[in-house]
Each structure stands twice: as C-alpha cells, then as structure tokens.
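Spelled out, the chains give:
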Amino acid sequence: MKKTIIQTARVSFLTAVVISNLSWNSISDEKNNPPLLTIKGFTFKDLNNNGKLDIYEDTRLSIQERAADLVNKMTDEEKANFLMGTGMPGFDGLTPVVGAIEGRVPGAAGGTYEIKRLGIPAVIVADGPAGLRIKPIRTNDKNTYYCTAFPVGTALASTWNEALIESVGKAMGSEVKEYGVDVLLAPALNIHRNPLCGRNFEYYSEDPLVAGKIASAMVKGIQSNGVGTSIKHFAANNQETNRLSINEHISERAMREIYLKGFEIAVKESNPWTVMSSYNLINGTYTSARKDLLTDILRNEWGFKGIVMTDWFGGYAGFNSIISGTSNVTQQLEAGNDLLMPGLPAQKKAIIEDMKSGKLAKEVVDLNVKRILELVLKSPIMSNYKYSDKPNLTKHAQITRQAASEGMVLLKNDKNVLPYTNKAASVAVFGVTSYDFIAGGTGSGDVNEAYTVSLIEGLSKAGFSLDEELKTLYTPFVAKEKAAELKSREERGILALPQRLPELKLEKEAIEKKAVSSELAIITIGRNSGEGGDRTVDNDFNLAEDEVVLINNVSEAFHAKGKKVVVIMNIGGVIETASWKDKVDAILLSWQPGQEGGNSVVDVFSGKVNPSGKLTMTFPMKYEDTPSAKNWLGTPIENPTTVTYEEGVYVGYRYFSTFNVKPSYEFGFGKSYSYFAYSDVKLSNSVFKDKLTVSVTVKNTGKIAGKEVVQLYLSAPSKSIDKPKEELKAFAKTKELKPGESSTLQLTISPKDLASFLESKNAWVAEAGTYKLLIGASSSDIKNTTEFTVEKEITVEKAKKAFELDVPFNELKP
Ligand code: BGC
C-alpha cells in the first residue's frame, strides 16, 4: 500500500511558524570544485583559492591541526554563523512554507553554515532513526527519492542481535551517503521509562545495556559508510508532553545508572560523530546548557570527541521564547553544546553581542567552532563525494524484511498453532490493521518509503488462501476510515497525532459463518503514535471496546468450531495483554516492522523464519503496575511543568523483580518454535580479579532450527546501598542452531558491571561480598545460578559531582 501525503508530513509546528517569520542564512547548491595545487609531487585542493597551500588544506595533517588553522582564519561573524544551523527550509511536507529554500537535499532537517571564501561546504543532517527521512518527490524532477523504512527501534532491539543491527545500519548509512546527506540524526536511545511515551517506538529498551549495545551496533553500521550519526536525545527525553519545557527531577544515581548508561556504552564503543542534547531540563537546567552533562561526563569521563548539537529549538521553553529568541545561548555554548539547531537569527545576534561584550569567551567560541570544523572536514561533502541518488533499495528491502522477522516476539503459541502451513484452507483475516499495516510511527522518526506491505498482501504473496468476503468488506471500510483520519489530522493541525481506525462492526452470525468456512482466524491489533504527544491509558494502552468485542466474538466463534485464533500485534509500544491473552491461541508481536511488514510477519507465521526476538521491556498486567505510573508526566496534571523520577533506578524489570510484581510478559521473554537447554555454566574464576568470563552451552532440543538469546543477570550485595534484585550485565545470541546442535557462548563481566553509583562517595563502587550470576532465557526464566566473590571493595571510577538537585525528594526503596 502506498503512503498518503499526511504520513510523510513532519510534525513540526514550531519549525513551520518560525521559518515563515524569519530569514535564514542561505544554503548553497553549488558543488565545491576548487582549483588544484601541486606541491612536491602532492596534489591539494586550493580551497581558499589563493594559489598557496594553507595548513587546513594539507590533507596529510590531522583533522585537528587543519581545524585549528581554519579557526584562526575565520571572522567573528563567520564563527557566529558557524555555531548555529542554517535553518530547516521547506521541511514540512504538509504545510507549504512560503519562500522556503529547499537546499541540496530537500526534506533534510538542517545543515551547517557554508564559508565559500575558505572552501568550507555546508554539511547536511537528516532524520532517522527508522531510515533516512527526506522528501521523496522534488519540484521539477521526475526522479523519486524514496528511502527504506526499516523496522522501528524497538523492533530492531528485540532481535538482540548486534551483528544484524550493524548490517541494518550499514544499509541505512549507504542511503544517507548516496542521497548526499552527511549525518543521520539517529539512533535514538532514550529509556522506556513508561509505556505511554509517544516516542518509545524509536527507542530500544527499558534497559540501558540493551539500549547501549544496540545503539553501538547501529552507529558502527551507519558510520562504516563514512557518514556520521547523532545519538539522541541526551538525556532523559522520556515524555513528549511539554517536552520543550519540562523540568525533570532525577537523582544523580538514576541518571548515571539508567538514563546515561546506554549513551556511555554507545560513546565508548562506537564513537558517534555527534550527540544531540535533549529538550528537557534536568534539575532546573536545560540539558543543552548543562556543563556537567556535556563536558564533565560526556567528554572528560567518557572521552567523546565529536560535536554536540541541540535538538531543534532546544533550550527554548516554547513558541513565544523561540520567537523572541530568549534562550541562554552563551550558557549552552559554554556547557559544550557546540551547534545550535536548526539556527535562529536571534541566536546569531546574541552570540555576536556576547562575544563583543566579553560575556562569551573567545576560547569557548573557538573550541566549539573547531569541533564543528572537524566534523565538516571528515564529511563526504568536504571530499566532494559524488553521491548517486540511487541507493540499492531492492537489496535494502531484503535487509529490512529479514531484520523485522528476527525482531518479532512470539508471546504465546498454544498447541503449536504456529507455524501455520495450511495453504489450501481459507484464513479469515480480521482487524482493520491487517489491511492497513503500520510500518512505523509518525514525526521525525517517520520515513518516506515507497510502499508498505500489508498483512493480507504478505499472506497472499506467500500463497495462503484468504477469505475473500472479509477482504471485500474490510478494503473499502479501511479506505474510508483512513481518509477520514487523514482529513481529521489535517484539520487538527500539523501537531496532530495519528488516531486509531475504528474496527469494522461484524455481526456475531457473520463471524460464526467464517468459523465454519475458514480454518484459522487472524486478528491484527494496531497502534500508532509519534513525536509531540504521549499515549493514553484508555483506548490505547488498554484495548478499545470495539477491539475487545472483536477478540471475544472471533475467539468464541472459532473455538466453538475447534479452530484457532492468532493475534498479530502491529504496535509501537506496550499495550495491555493480561485481560485477553487467554482468549486466543497464539500471539505474535510484530512491532512496527518497516515497509516489508506483511512479508516479515508471514515469514514467521509460515515458519520460514523461526522467531527469536525477545522483549526489551516489561509488559505489565495493568498500566498502574508501572513504577512511574504515579508520577508520569508530572504536575500540575493539566499542564505539567515538573516531573519527579521518584522510582529512581527501579525502572522496568528492575522494579518488577525487586518488588515482586508479576508482569503479563517479563523483560527478556520470547518463545521459539524450538526449545533450548542450557548446560555447562563455567566461571573463569570464583574470585573476581579484573574481569570474569562466564561460558554456557546452549543446545537446540527441539525439531526446528533456531536461535536463542542468553541473558546474564547480576544480583549484587547491597550493604552500602539498596540495589535491584537483578540487572542485565551481558547477553549473547546463538547462531542458528540445527536440531540437536549446541553452541558455547562466552559472556564477560568487567569491574564497572559490578559497580553501583554511590552519590555519597561520588564514585562507581563494587562492594565486597558474594555476587550471584543468573543465566536465563528471560529475566524470570533463570536456567542456572552461580556465584563469585569480591574480596575487597573496588572503587572502579571516581566522578565529579553532577546533577545537583534543585528540589529534594525521596526515592523509592525496596
Ligand atoms: C526531534 C529530533 C529530530 C529533530 C530534527 C526534533 O523535533 O526531537 O529527534 O532529530 O527534530 O528533525
């Protein structure tokens, strides 16, 4: 099914208004073709066009040396321009922006300032994270510029397969490069603090290790093309409601152990070119203006070498402050936020004034400018890369199809109803989403793909016989409802979030007839959400009444005839499952699986692919069981300004396990069509020295080839501070094991893995005592337990005090 225009539209009200009100620095379309200089047999580009070789033009020197030379050649005005982007012209596909300049890559999110006289080109940045987000159609151009919609972040993370994620990143990054973009604004790795966050689909997990490992793999894959990434949103961007102004009270321990940990892993393991600071405030200060976050921790502690850019208009409390330009630009630049995106004329004015008055020190400006220059010098546009505008979309469709099927989680499969192979008998397909599959969420995380394969298309292509009458009833209904939804979104304005299509009302008798004529029923439950808004408990987290009726009636009718019911969950975030899961026979969580969605689902449904995805978050019995449910979105309830993270480090399974709250499906859970036995757990040492290796043998004891994700949890002694009962410290996925085949996996634990952050000591400390290692197929399906000791307390790392609280509060303790 082809995407309609509203789905391609970007939810960016602020951007559209600001663009139409203010003027931008121009973006040049010119290619950078400087004359050449030959010196002692070497050829250089005379970027400055002055007939002599300047240090910055000498490509034998390091990028740092070249950037330092360039800084000295720039005027104050050029520096001020360079510290901010050149706007976001023509970005919104829904509301035409009068007078917008489209730039070199229409639909990109922005770019840096071009300094023609020095031969410094503008770098282009575009969204992510489910693929490259640019405009598919250009004015007066017959070519198309579609990109591959890969599975959403949550779906990718559910593979737990770093090698596979790297290959997805490689494919995504080649689209970035071949469409002439320099930096992809991805991956996004905020923690799923609460199931209702509207952007959870873009993010990976409630667990920082999973988020960090998957993000690292993605960064490595994308950057292997010689283009950059921007890991975002740094940090604690966990709600969309009032995201530009929400002040979050978070303890330093929760910041470091939960909200920063994934970023720390990604920075240390994959060297992203850029980091995007978030919109929110932490303990009273915008993240983009926090020196502890952007300099002390990110650069000094973790060794980050790239640039930090703001999120779009980050540091402005809302629309009025954007228009008046009242943000503390100097504080942002001093904090280590090098680039202000997308760039406002008011910011340039403030920078120049503060430079003149001395409020903004030359050293700060020069340092930030130098770092931006280092990015430009290594970008594809600097070396004049001749992009083709023709990435290999056919090959990438195969990659997304495979990645999506590996990220699917089989939640239930009574009496092995799946895999389903009966192609002769009719399958009755219910649920509007079966006919209008959801590839991914909305907002900047949306991709303009050429098509999305629906479930019924996938089933038909694979040779399954579908109930034609149902198809005839659903197809026009879905078309009509979808058109109405798009229209209503247009009327509600560009910040409008997608709304669920109502279910087609089918009489009980009609369903009973299908239970006679068909062999199997499939019901798809669909959910969509996006940037700019959070989800609701009613009719979103909880099923809506029409969905409950559909599940009830189909299950009763089909079970009465001894036939089975399979539910496909085409969702971007967690929904309630406890009240209805017993009514159906199988549940396949397909997430929002990208443009090949229907094919990917059918690959698992039919058994072509044995499911091996596992949950990267907890599915609670009821929403109220979520640890942050009580303080979600903050106060005052009507229009929150502050939110207190009272649950501390007890996020996700860390809460459910420690406080013995039974979930509907636990973190790490996922079934296979096969079975796996765990044996031979061996520790390299029973006393911890510098590191510890755990080996475990996994055997496929079933009849179908499959992969297994092995999880290693740690239960640490907690004399000095309270700790979660278990924390994931390592994981590994087997290769595809044939029936009867075994594989031995090695998992490594470092001193930092043993440590908690002790605010009292400003340090990561591993207590002396006995540590339990739990090796499991999920956070509660523990297959083996073993122990080791730490003889003397280890201070693993000392840190500088950060995130001073603006308001004291009590954190949850077990
Ligand atoms: C989003 C970012 C995105 C940026 C540029 C912001 O509204 O929060 O994720 O990269 O816009 O489009």
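The structure displayed is predicted, hence computed values, not measured ones.

Caption draft 1: Fine view of the UniProt feature "domain: Fibronectin type III-like" (unreviewed entry) in the protein chain. With numbering matched to this structure, UniProt assigns "domain: Fibronectin type III-like" (unreviewed entry) to residues 708-779. For the annotated span residues 708-779, helix accounts for 6% and strand for 51% of the residues, and the straight-line distance between the end C-alpha atoms is 14 Å.

Caption draft 2: Fine view of the pattern of salt bridges. This structure, assessed with the given rule, holds 58 salt bridges. The residue Lys-752 makes a salt bridge to Glu-797 at a minimum N-O spacing of 3.1 Å. A residue pair is termed long-range when its members are at least 10 positions apart, and Lys-752 in helix H24 (residues 751-754) and Glu-797 in strand E30 (residues 794-798) qualify at 45 residues. The network of salt bridges with shared partners includes Arg-500, Arg-527, Arg-535, Asp-540, Asp-546 and Glu-547.

Caption draft 3: Up close: the packing of aromatic side chains. Inspection of the entire model under this criterion finds 23 aromatic pairs. Aromatic pair Tyr-145 and Tyr-179: ring centres 6.0 Å apart, planes at 55°, arrangement tilted. Of the two residues, Tyr-145 is situated in the loop between strand E4 (124-127) and helix H5 (153-157) and Tyr-179 in the loop between helix H6 (162-178) and strand E5 (183-185); the sequence distance between them amounts to 34 residues. The interplanar angle of 85° and the centroid separation of 5.1 Å between the aromatic rings of Trp-160 and Phe-731 together place this pair among those described as edge-to-face. Highlighted residues: Trp-160 in the loop between H5 and H6 and Phe-731 in strand E24 (residues 727-733), separated in sequence by 571 residues. Each of the two residues, Trp-160 as well as Phe-731, counts as buried. Linked through ring pairs, Trp-160, Tyr-653, Phe-667, Tyr-713 and Phe-731 together constitute an aromatic cluster. A cation sits over an aromatic face here: Arg-60 above Phe-42, 4.8 Å from the ring centre. Taking the ring centre of Tyr-665 as reference, the NZ or CZ of Lys-581 above it sits at 4.4 Å.

Caption draft 4: Focus on the sheet that holds strand E6 (residues 228-234). Spatially, six strands are ordered E3-E4-E5-E6-E8-E11 in an open sheet, and the strand pairing comes out mixed. The strands lining the two open edges of the sheet, one partner per strand, are strand E3 (110-111) and strand E11 (307-309). When E5 meets E6, the two strands line up parallel, connected through two bridges. Bridge pairing links Val-183 to Gly-228 in E6. Across the sheet, helix H10 (residues 291-301) touches E6, strand E8 (274-277) and E11, and the angle it forms with E11 is around 150°.

Definitions and cut-offs
- Residues numbered from 1 in each chain as written.
- Predicted model: local features only at pLDDT ≥ 70, side-chain atom pairs only at ≥ 80, totals over all residues.
- Heavy atoms only, no water.
- UniProt positions renumbered as here; feature names shortened; annotations may be inferred.
- Helix = DSSP H or I, 4+ residues; strand = E, 2+ residues; numbered from the N terminus.
- Salt bridge = Lys/Arg side-chain N within 4 Å of Asp/Glu carboxyl O.
- Phe/Tyr/Trp six-rings, centres within 6.5 Å; stacked < 30°, edge-to-face > 60°.
- Buried < 20%, exposed > 50% of the residue type's maximum accessible area, 1.4 Å probe, protein only.
- Lys NZ or Arg CZ within 6 Å of the ring centre and 35° of its normal.
- Pairing = 2+ DSSP bridges.
- Contact = heavy atoms within 4.5 Å.
- Axes fitted to C-alpha atoms, helices over the stretch in contact; angles between N-to-C directions.

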